[in-house]
Amino acid sequence: MPKPGDAITEAVLLQHFVEDGGTVTQGEPLYLLETDKVEMQIDAPVSGTVTWKVEFGGTYEVGTLLAEIQ
Amino acid sequence: MGDIDGVGRDEAIALYTTMSKIHRCDARVRTALMSGEAGFSYWPVEGHEALSAGAALALEDGDQLVATYRGLANVVAKGVTLGPYFAELLGRSAGLSKGKAGAMGVSEPDHGIMWTTGIVGAGPPIANGLALAASLRGTPTVVLVSFGDGATSIGFVHEAMNLAAVWDLPVVFFCENNAWAECTPLAEYTKTERLSDRAAGYGMPGVTVDGTDPIAVYQAVKEAARRARSGGGPTFVEAVTYRLQGHYFGDPMEYVPADELEAKRSVAPFDVYRRRLLDEQVATSDELDAIDATLDAEIEEAFNFALASEETDVAELEVDVFAGSITNAARAKDVPMGTVPEGETEDMGLVAAVNRTLDRALTRDERVVLLGEDIADPAGGLFKVTAGLSTKHGTDRVRNTPIAETAIIGAAIGASLGGLRPVAELMFMDFLGVALDQIANHAAKIRYMSGGRQHAPMVIRTTVGMGSGPQHSQAVEAWAMHVPGIKVVWPSTSADAVGLLNSCLDDEDPCLFIESMKLYFGGGMFPVPKDDFHLPIGSADVKRSGSDVTIVTYGPSVQDALNAATQLDGEGSSVEVVDLRTLVPLDLDTVLGSVAKTKRLVVMHESVGFCGPGAEIAASVGTELFGELEAPIARVAATYTPVPRSGTLEAACRPDVAALVAAIRSLQ
């Protein structure tokens, strides 16, 4: 879970744009998170096959491993 | 393949390389933040590539930069060492400042990156001082200070541009107009159509250029730098672009019209310039790709260096507040008890003592310069403290300033970073607040925020008034004492003033040197050794020995304490008077030694008692000597009121001998 702002310690994982096992290209939208009713789209940092490690709809602390891209 | 808009191929490619490097560094940082690889505060620069690359190419290697927290583009273009730079963003031990500053405090003097500020508009006053140092030393250095369009609203920038113009300083005021003052559009905060129009009001050339075109910026800054280097003074260069990312990483940018942002992103400066080089056949895509690949490898290696860097050791916490091992309290082990040397003396009041000391400093050390309002002859200072000095040493070194305290302190800071030993005068201590950002956020923090690689050796002289009402009579030494990184000195005699001021002038850290108007006039004459001497900063002085009660005080209250002691002698009470002389570092060793002997303590100061320095001293003594005290610690200080103009009210506000005697009697 990234830290999108000084005051952010946790965020809700709202929605994914790539299914588990799907492939993604660096820079394309990967998932949507929400903090304090503000949504933020996170793009894929690298290209590869995505394996999600957490449940969508849950709240996770900054630093939590959300997915691996192989 | 050849020229493009009058710029040769080598320069065109150099601009591309720098823009690409900025673009890729910014993207790499945001990728790290997106992936959760690292979490830190970051202010993106996408859209700033062209203006920063153009400005940097226009400067010589020896030229200097003062940047802002949105500074990645500027410092990368100026040649910052990438690995330690990224490590500083991450707050790691291998960072340029050992991770103590982050993006808001980047400096690397070896590459001309002199300072970065996190305070909007605070850079220009400091740039002036760097430029002053360069011009007094006769070096052909130009100082470029970058700031955002939003910074043009703050008074600091006005003060700085006015001072630079009147002194013809070699500064380029480089305004990066990216359309947004954080989250507020330009039209909401100013009616000025072109920000560079303001230059005319200062008698300075002003130019607005397309900040998305690196060649246009390069040419404009080159002209400004040429003018500055040839003695033509400063220029205001406004480079207009559009910020393509949020104010900070994670900013949802709800305030930006979506269609406007999409349109601007479709003509992003880096993409447009790349296409232009290809279209005009300045380079092939293979050539540009090769440049990009080399940069990607360099950036990835540097970022990995940062990620691999250890967290900063907690042992670093209290390092770099002051030079060496000095802390705020307790006399440092290598600081001796200072005593005024024996020898032939002359009787002097405080005005003459300070004047003589400054005169001798100007004579022996060419780095010493004096800055302040009305300090040059024929005025010679409001209190004549600097009378005769400009006539003897020249107005280059004893300089009248505009009535602009932020510009004065900023210039002193910059001059100290540039190798001078400036002495800035704040006419009354009440004006500390006018310049408090430069004092508290900059002078005091430069050593810490640079991880000890830079420091601001400067003296701020100021006067505590009397009989001048609520805005010209305050003693606010506690404000300065509460900011780690600035030493606070307040002598009670002419001789102590000479010895302490000499030490402040030689000190490696900023010193606030407080003078009492009460001692200027009617304070009496004191014997001062004719030969110069130093008294160590951080050493108190026992002005009178006694066995029954200790008075701890400083400044003009020392004389009150001595008078009270004499009065109480007749009552069989033996009073010891400890003159702190310096408040930071505070010589608690001497205080504790005295109170351990007398078992009773009265602390006196003429500033407000509530949360005053006496509270700190009382707390420390209470902690250390709780079981040994034979009476509660008493404090004698000013009332919790402004200092009134009315003579009767001022007398009631200030502590005096009668109040002190009453307090001491209450302890018996």
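A.B. asks: Which parts of the structure should I look at to understand the overall build of chain B?
C.D. replies: Scanning chain B from N- to C-terminus turns up 24 helices and 22 strands. The C-alpha atoms of chain B give 28 Å as radius of gyration, which agrees with the globular expectation for 668 residues (26 Å, within 12%). Along the longest, intermediate and shortest principal axes, the C-alpha atoms of chain B span 100 × 55 × 45 Å. Per-residue burial for chain B yields a buried fraction of 55% across its 668 residues. Restricting to contacts in chain B with at least 6 residues of sequence separation, those with at least 24 account for 80%.

A.B. asks: Help me understand the sheet that holds strand β17 (residues 541–544) of chain B, please; the structure alone is not making it clear to me.
C.D. replies: Across a sheet, strands are paired by hydrogen bonds formed along the backbone, either parallel or antiparallel in direction. All names here are of chain B. In space, the five strands of this open sheet follow the order β17-β19-β18-β21-β22, with mixed pairing throughout. With partners counted over all chains shown, the strands left at the sheet margins are β17 and β22 (634–638), one partner each. Going across the sheet, the axis of each strand differs from the next one's by a mean of 25 degrees, ignoring polarity. Of the pairings in the sheet, the one linking strand β18 (residues 549–553) to strand β19 (residues 575–579) comprises five bridges and is parallel in character. Bridged to threonine 553 within β19 is aspartate 579. The strands touched by helix α20 (residues 557–569) within the sheet are β17, β18, β19 and β21 (601–608), with β19 carrying the most contacts at an inclination of about 170 degrees.

A.B. asks: When you look at helix α10 (residues 269–279) of chain B in this model, what are you seeing that I'm missing?
C.D. replies: Owing to its 3.6 residues per turn, the α-helix aligns residues three or four sequence positions apart on the same side. Residue and element names in this part refer to chain B. Every buried residue of α10 is listed here: Pro269, Phe270, Tyr273 and Leu277. Angularly, the buried residues of α10 cover 100 degrees about the axis, an arc narrow enough to put them on a single face. Across from the buried face of α10, at angles greater than 90 degrees, the exposed residues are Arg275 and Asp279. Buried residues along α10 sit against α1 (9–35), α2 (49–58), α8 (214–229) and α11 (285–308). One or two steps after α10, the chain reaches glutamine 281, where phi turns positive at roughly 55 degrees.

Parameters and conventions
Residues numbered from 1 in each chain as written. Chains lettered and ligands numbered in written order. Predicted model: local features only at pLDDT ≥ 70, side-chain atom pairs only at ≥ 80, totals over all residues. Helix = DSSP H or I, 4+ residues; strand = E, 2+ residues; numbered from the N terminus. Rg over C-alpha atoms; globule rule 2.2 N^0.38 Å. Buried ≥ 20, exposed ≤ 12 C-beta atoms within 10 Å, placed from the backbone. Contact = placed C-beta atoms within 7 Å. Pairing = 2+ DSSP bridges. Axes fitted to C-alpha atoms, helices over the stretch in contact; angles between N-to-C directions. Arc of directions from axis to C-beta.

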